[in-house]
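Here are the chains, one letter per residue:
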Amino acid sequence: YDMLDYCSCKENLCEIEALPNFKFVKGDIASSDLVTYVFEENSIDTVMHFAAQTHVDNSFGNSFAFTQANIYGTHVLLECAKNCPTMKRFVHVSTDEVYGEGETFDALPMGEEHILEPTNPYAATKAGAEFLVKSYHRSFKLPCIITRGNNVYGPHQFPEKLIPKFINQLIRGHPVTIHGDGSNTRNFLYVEDVARAFDCILHNAVIGRIYNIGGKNELPNIEVAKELIKILGKDEEEMITFVPDRKFNDLRYTINSNKLHELGWEEEMSWEEGLAKTVNWFKMYSSRYGNIDRALVAHPRMT
């Protein structure tokens, strides 16, 4: 179920569209009538709610769209799930950004009980959505689980995100655009590790709990750029340019994922192999997104 927004690519589904247990419905999660129909028509028993506006740069320019999708859209899904007699589990996918920034590199990783202090409109809407999920679990006993994850990277990702953006800038012969001085760090998780984490949570998680999904690949943005330049055989001095920083750019996010490890999940993909696989995929398939020039500028504003 997806509305096929600007960052969607239906061609990404070609590897699974022929499977007997797959069905695609084009729709907006804010459409309660359609969501209700899909739930009832298919006797849905599990919702994994990934749908969201997620690009922080966009949230600085058009934050109303984030409130509509991330808060109102979540509210619609919760209400429809509450009224669905076959519903057994509602997994709400949030983000590590709801915690706010780790203020120093000596700060301890944040556990699921840490106070939420979002610093940008995107993160604030995700935090707001979490409170709605918690309220439906407590008031209506809706069987909810919340996840908060690190940055995901890998094949099929729309090139507005840092790693595919840098790759696509470089393969077009353009220098990467580094916000600020590039010292801000992010922890990157390969998409297949993330998928396995959700499979583990779906089958083993305890209803009503929150689970961090964090990895071990915390790197400054400048180092990510340098590694990609090296993989693609480019000249570092020619292929890095520094641009003004975001309105506010969190220093880092660091989370403790012990609860998820206790369920049996471990990160498997090495940073080096995951990055190489991602570069190779975009070399072959970047064309499926059409014209992505607007996504490759330093501070995109896409809707």
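Undergrad: It is not clear to me how the overall build of the protein should be interpreted in this structure. Could you clarify?
TA: When helices and strands are tallied, the protein shows nine helices and nine strands. In terms of overall dimensions, the protein has a C-alpha envelope of 60 × 45 × 35 Å along the principal axes. Counting across all 303 residues of the protein, residues that qualify as buried make up 48%. Of all intrachain contacts in the protein linking residues separated by at least 6 positions in sequence, the fraction that spans at least 24 positions is 82%.

Undergrad: Would you take a moment to explain the environment of Asp57 for this structure?
TA: Following the sequence through the fold, Asp57 ends up in helix H2 (residues 56–61). It is 6.7 Å that separates the C-alpha atoms of Asp57 and Arg301, two residues lying 244 residues apart in sequence. Once residues within four sequence positions are removed from consideration, Asp57 is found in contact with His179, Arg246, Ala298, His299, Pro300 and Arg301.

Undergrad: How should I be thinking about the nonpolar core in this particular structure?
TA: Considering soluble globular proteins, one finds that nonpolar side chains tend to be buried as a cluster. One finds Ile163, Leu228 and Trp271 to be the most contacted residues of the largest nonpolar core, which totals 32 residues. If you list the elements that add at least two residues to this core, you get helix H5 (162–171), strand S5 (176–179), strand S6 (185–190), helix H7 (221–231) and helix H9 (271–285). Once you skip the residues sitting within four places of it in the chain, Leu228 turns out to touch Ile163, Phe166, Ile167, Leu170, Leu275 and Val279.

Undergrad: What should I look at first to understand the pairing of strand S7 (residues 210–213) in this one?
TA: Regular strands have side chains that alternate between both faces of the sheet. Judged by which residues are buried, S7 turns out to be covered on both faces: Ile210 and Asn212 on one side and Tyr211 and Ile213 on the other are all buried. Strand direction decides the pairing type here: strand S3 (residues 144–149) and S7, joined by four bridges, are parallel. Bridge pairing in S7 places Arg148 opposite Asn212.

Undergrad: I tried to follow the sheet that holds S6 on my own but got confused; where do I start?
TA: Within the open sheet, the three strands sit side by side as S4-S6-S8. Their pairing is mixed. Strand pairing shows two members of the sheet lacking a second neighbour, strand S4 (151–153) and strand S8 (218–220), which therefore form its edges. The sheet shows a mean angle of 50° between the axes of neighbouring strands, taken without regard to direction. Strand direction decides the pairing type here: S6 and S8, joined by three bridges, are antiparallel. For Arg186, the partnering residue across the bridge sits in S8 and is Leu219.

Undergrad: Honestly, the sheet that holds strand S1 (residues 46–49) in this entry has me stumped. Any pointers?
TA: Strands in a sheet are paired, the pairing made by backbone hydrogen bonds, and the direction either parallel or antiparallel. In spatial order, the strands read S1-S2-S3-S7; together these four strands make up an open sheet with parallel pairing. Edge strands, defined here as strands with exactly one partner in the open sheet, are S1 and S7. Along the sheet, successive strands turn relative to each other by an average axial angle of 20°, direction set aside. Strands S1, strand S2 (89–95) and S3 of the sheet are contacted by helix H3 (residues 63–82), whose axis makes an angle of about 165° with S2.

What counts and what doesn't
Along each chain, the written sequence defines residue order, and numbers are assigned to residues from 1. Note on the predicted model: pLDDT of at least 70 is required for a residue's local features to be given, and 80 or more for side-chain atom pairs to be given and counted; whole-chain, interface and lining totals, by contrast, use all residues. The basis for the side-chain values is all heavy atoms of the structure; hydrogens and waters are excluded. A helix here means a DSSP run of H or I that spans at least four residues, while a strand means a run of E at least two residues long, and both kinds are numbered starting from the N terminus. The cut-offs for exposure are 20% and 50% of the maximum accessible area for each residue type, with area from a 1.4 Å probe on protein chains only; residues under the lower value are buried, those over the upper are exposed, and the others partly exposed. Contacts are assigned to residue pairs with any non-hydrogen atoms lying within 4.5 Å of each other. Throughout this description, the term nonpolar core refers to a set of buried Ala, Val, Leu, Ile, Met, Phe, Trp, Tyr and Cys residues connected via side-chain atoms within 4.5 Å. Paired strands are those between which DSSP finds at least two bridges. With axes taken as lines fitted to C-alpha atoms, and helix axes fitted only over the stretch in contact, angles between N-to-C directions fall between 0 and 180 degrees.

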